[in-house]
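Structure at a glance
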Amino acid sequence: MKTSLLYLFTIITLISCNDDFDDHSSTNDNTFQGADEVYDLEKFPQITLEFKLSDWNKLLQNYDLNPKNEKKVVSKFSYQINSETVVLDSIGLKLRGNTSRRRPEGNNGELHNPNNPDWHHCHFGLDFSKYKPNQKFKGLNKMILKWFKDDAAYAREIYCYNLFRKYNVWTAPRASYCRINIKVDGDDLPANYGVYAMIESVDEDYIVDRSNEWSTAVGFLWKCGYDQGGNNANFVSTQSIGIENVTLNPATSVYYAYDLKTREAELSAGSAELTSFIYDLNTKTGTEFKNWITQKMDIDLFLKTYAVNVLVGMWDDYWVNANNFYFYFAPNGKAYFIPYDYDNTLGTSYLMPNSGIQNPLNWGTNTSERPLITKILAIPEFQAKYKSYIRELIDSQNDLFYTTHSMNRISAWQTRIAPYISNDTGEDMILNDVPASWGNCSFYRLLSGNNLGGSNGDANYFSSRIQSIPF
């Protein structure tokens with residue numbers, strides 16, 4: 001599909017369908033306005049990323065050397081919403097993703113083709129202060145831009161983060177929609193990359209933004225998941241703790257299950273704190289464990305987080321896969337579980353059979369391999385709270401997980417973004433109410449279906465999940 005023709009069609013559509021493209025005034029006013037203003041689902045901004053040809057080609061060449069590399073290139077960043085335009089002329093940009101990381105144009109070895117570009121959807125990480133230390137965007141230092149990989153409904157990750165926020169799980173990142181253009185110097189027109197998820201980065205700004213909850217000082221923040229050697233963040237083993245360094249050479253890149261993201265110069269102290277927590281978690285029992293974990297964590301917040309987690313069907317998580325979360329040791333003495341990466345949810349199921357009907361008390365690995373959740377839920381008082389939070393979430397009187405409330409939110413979002421799904425990659429061009437094709441529950445729907453969990457035709461994920469709750 002030719003870039004110019006589709007881009008012109010997109011501009012015509014934008015003008016006719018949205019008044020966000022009235023006369024724009026340009027400003028470099030980046031006074032702090034907070035993440036709540038940026039990640040606002042009532043807004044639908046357009047972001048343009050502009051590159052010198054050499055920088056775009058460097059991004060492609062770096063991918064070819066090591067697709068997982070964390071190297072950044074220079075980009076110009078423009079943000080348009082209503083009559084406001086914010087322009088930052090030098091930000092850092094990298095590709096993101098694990099199994100979802102892709103080359104943004106062409107095949108390996110190819111440079112930018114201005115005449116017939118082969119654009120691809122991919123995830124981007126933005127670093128506003130990479131080349132200008134004091135430069136921020138509305139008080140933010142970083143931002144994540146994700147395409148809706150394997151989610152033809154364009155809704156799953158947005159829904160989950162929104163539900164966390166609605167349920168006052170304030171540790172969850174914020175997320176909203178935006179539109180993306182890519183412009184390479186020398187091209188006649190930008191490439192329209194379509195609708196993306198704009199997601200809050202879990203970093204020092206994230207910590208400072210929540211300082212009223214824990215402290216204005218910055219503690220040790222760990223990104224937790226898998227390393228390349230098969231170790232995972234199960235809170236049992238402590239053999240894979242460090243600071244990742246993913247270079248252009250795969251052979252010299254290093255990965256850790258617990259990857260320190262703040263205060264890197266104090267790795268030894270941070271490792272000691274994490275190791276001590278893991279040791280106590282595994283060795284303390286009975287009343288001693290209950291008293292210790294109550295002192296070390298906000299148990300109510302953690303249980304509310306997991307109540308949301310199991311309802312939305314997050315199987316690529318700590319409990320099932322020992323993956324995809326952050327853990328933060330705040331200066332107030334408490335440790336916080338931070339939920340992360342919710343694109344494969346709401347019926348997109350893989351490592352467990354039918355995530356839409358599993359008992360929330362037997363969600364994942366119920367052994368000593370997941371002590372952070374299993375030991376807490378083994379305490380009757382905590383299990384009772386966990387059950388009450390699930391019942392609260394599914395209550396029809398609360399605008400949370402209940403079927404009609406969930407369907408209404410998703411329908412409203414889809415109505416707004418539908419005119420902008422068409423894009424120059426030629427990918428993900430149709431809104432479709434189906435889970436990922438590689439999953440094991442192709443029968444789930446978000447806006448239709450019965451409450452039978454796949455036992456008889458198409459099943460609505462929300463009503464099936466609610467129907468499956470045994471308490």
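Below: a short report on this structure.

Should their charged atoms come close, side chains of opposite charge can pair. This model, assessed by the stated rule, comprises 30 salt bridges. One salt bridge in this structure joins Arg174 and Asp36, with 2.7 Å as the shortest N-O distance. Of the two residues, Arg174 sits in the loop between α4 (156-166) and β7 (175-184) while Asp36 sits in helix α2 (residues 35-38), which places them 138 residues apart along the sequence. A residue is classified by how much of its surface remains accessible, and Arg174, at 7% relative accessible area, is buried.

Let us look at helix α6 (residues 267-283). Over its 17 residues, α6 runs 24 Å from end to end, which matches the ideal 24 Å to within 8%, given 1.5 Å per residue. Three or more residues of α6 are buried, namely Gly270, Ser271, Leu274, Phe277, Ile278, Asp280 and Leu281.

What follows is about the pairing of strand β9 (residues 220-224). Across the 5 residues of β9, 4 count as buried, placing the element largely inside the fold. Here 5 bridges tie β9 to strand β12 (residues 325-329), and the two strands are oriented antiparallel to one another. By the bridge assignment for β12, Lys223 is matched with Tyr326. By the bridge criterion, 3 bridges tie β9 to strand β11 (residues 258-260) in an arrangement that is antiparallel. Within β11, the position partnered with Trp222 by the bridge is Leu260.

This part is about the side chain of Asn57. By the element assignment, Asn57 lies in helix α3 (residues 53-65). Asn57 sits in the buried class, given a relative accessible area of 11%. With sequence-adjacent residues up to four places away left out, Asn57 is seen in contact with Leu111 and His112.

What follows deals with the packing of aromatic side chains. Enumeration over the complete set of coordinates arrives at 47 aromatic pairs. Ring plane angle 20° and centroid distance 6.4 Å describe the contact between Phe124 and Tyr196, whose orientation is recorded as stacked. Note that Phe124 is positioned in strand β5 (residues 123-127) and Tyr196 in strand β8 (residues 191-200), a separation of 72 residues in sequence. Accessibility expressed as a relative area gives 0% for Phe124, which makes it buried. Judged by relative accessible area, which is 0%, Tyr196 ranks as buried.

To continue, consider the sheet that holds β12. One open sheet holds the 5 strands; their spatial order is β10-β11-β9-β12-β13, and the pairing between them is mixed. Two strands lie at the open edges of the sheet, namely β10 (241-242) and β13 (335-339), each paired on one side alone. Summarising the sheet, β10 and β11 pair through 2 bridges and their orientation is parallel. In the strand pairing of β11, Gly242 is matched with Asp259.

Relative to the assigned elements, Gly454 resides in the loop between β14 (444-445) and β15 (459-460). Judged by relative accessible area, which is 26%, Gly454 ranks as partly exposed. C-alpha of Gly454 to C-alpha of Ser464: the two residues are 10 residues apart in sequence and 8.3 Å apart in space. With residues up to four places along the chain from it excluded, the contact list for Gly454 reads Phe443 and Ala459.

What follows covers the pairing of β8. By the criterion of burial, β8 is predominantly enclosed, with 10 of the 10 residues buried. When strand β6 (residues 142-146) meets β8, the two strands line up antiparallel, connected through 4 bridges. Residue pairing across strands places Met143 opposite Glu200, the latter belonging to β8. Relative to β8, β7 runs antiparallel, the two being bridged by 8 bridges. Looking at the pairing, Tyr177 lines up with Ala197 of β8.

Analysis parameters
Residues numbered from 1 in each chain as written. Predicted model: local features only at pLDDT ≥ 70, side-chain atom pairs only at ≥ 80, totals over all residues. Heavy atoms only, no water. Salt bridge = Lys/Arg side-chain N within 4 Å of Asp/Glu carboxyl O. Helix = DSSP H or I, 4+ residues; strand = E, 2+ residues; numbered from the N terminus. Buried < 20%, exposed > 50% of the residue type's maximum accessible area, 1.4 Å probe, protein only. Expected span 1.5 Å × (residues − 1). Pairing = 2+ DSSP bridges. Contact = heavy atoms within 4.5 Å. Phe/Tyr/Trp six-rings, centres within 6.5 Å; stacked < 30°, edge-to-face > 60°.

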